Amino acid sequence: MRNGLGVSISKLALELGFFNKDELLERLSSLDFRDAPKGKSRVRQFSLADVRCDALKRILINDVALWEGPGRTACLGALKPLNRTTIEFSG
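Residues numbered from 1 in each chain as written. Predicted model: local features only at pLDDT ≥ 70, side-chain atom pairs only at ≥ 80, totals over all residues. Heavy atoms only, no water.

Asker: Would you take a moment to explain the overall build of the protein chain for this structure?
Answerer: A tally of regular secondary structure across the protein chain gives one helix and four strands. Scanning the protein chain from its N terminus toward the C terminus, one meets helices and strands in the order β-β-β-α-β. The C-alpha atoms of the protein chain give 13 Å as radius of gyration, which agrees with the globular expectation for 91 residues (12 Å, within 12%). Principal-axis analysis of the C-alpha atoms places the extent of the protein chain at approximately 40 × 25 × 20 Å. (Helix = DSSP H or I, 4+ residues; strand = E, 2+ residues; numbered from the N terminus. Rg over C-alpha atoms; globule rule 2.2 N^0.38 Å.)

What follows is the structure, given as structure tokens:
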């Protein structure tokens, strides 16, 4: 994750939907990214039991579950998902 918003975020959690190859929702999870300092990159690791990456077609950023910092109203529109796998990643 890289925060290019120009402001630091003290707490950030995103609600993600994980869809299988048949476009059926496998899981809806809220992932806590903790802090996101302005202009900094962060690596976060999440364990999602019973979710196999090879069975996923798409991950959707469904909502911002938690945001503590300036710019809350524009945050969902400012997200620019990037993925280097074959799984579609969108907001």
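Asker: Looking at this model, I keep getting lost on the packing of aromatic side chains. Mind explaining?
Answerer: The relative placement of two aromatic rings is captured by the distance of their centres and the angle of their planes. Considering all chains together, one arrives at one aromatic pair under this definition. Relative to Phe46, the ring of Phe33 lies with its centre 5.1 Å away and its plane at 65°, an arrangement referred to as edge-to-face. You can see Phe33 sitting in strand β2 (residues 25-36) and its partner Phe46 sitting in the loop between β2 and β3 (56-68), a full 13 residues away along the chain. Given the relative accessible area of 32%, Phe46 is considered partly exposed. The lysine or arginine in question, Arg58, covers the ring of Phe19, its NZ or CZ lying 4.1 Å from the ring centre. (Phe/Tyr/Trp six-rings, centres within 6.5 Å; stacked < 30°, edge-to-face > 60°. Buried < 20%, exposed > 50% of the residue type's maximum accessible area, 1.4 Å probe, protein only. Lys NZ or Arg CZ within 6 Å of the ring centre and 35° of its normal.)

Asker: Looking at this structure, I do not really get the nonpolar core. What am I missing?
Answerer: Nonpolar side chains tend toward joint burial in soluble globular proteins. Judged by nonpolar contacts, the single largest core of 15 residues is most densely connected at Leu12, Leu14, Leu16, Leu56 and Ile59. Sorting the residues of this core by element identifies β1 (9-20), β2 and β3 as the ones contributing at least two each. In contact with Leu14, not counting residues within four places along its chain, are Ser29, Ser30, Leu31, Phe33, Ile61, Asp63, Val64, Ala65 and Leu79. (Core = buried A, V, L, I, M, F, W, Y, C linked by side-chain atoms within 4.5 Å. Contact = heavy atoms within 4.5 Å.)

Asker: Hey, could you run me through the side chain of Asn20 in this one?
Answerer: Along the chain, Asn20 turns up in strand β1. Engagement of the side chain of Asn20 in a polar contact is seen with the backbone nitrogen of Asp22, the distance being 2.8 Å. At a separation of 2.7 Å, a polar atom in the side chain of Asn20 contacts the side chain of Glu26. When near neighbours in sequence (up to four residues on either side) are disregarded, Asn20 contacts Glu26, Ala55, Leu56 and Lys57. (Polar contact = N/O pair within 3.5 Å; in protein donor to acceptor, adjacent residues only side chain to side chain.)

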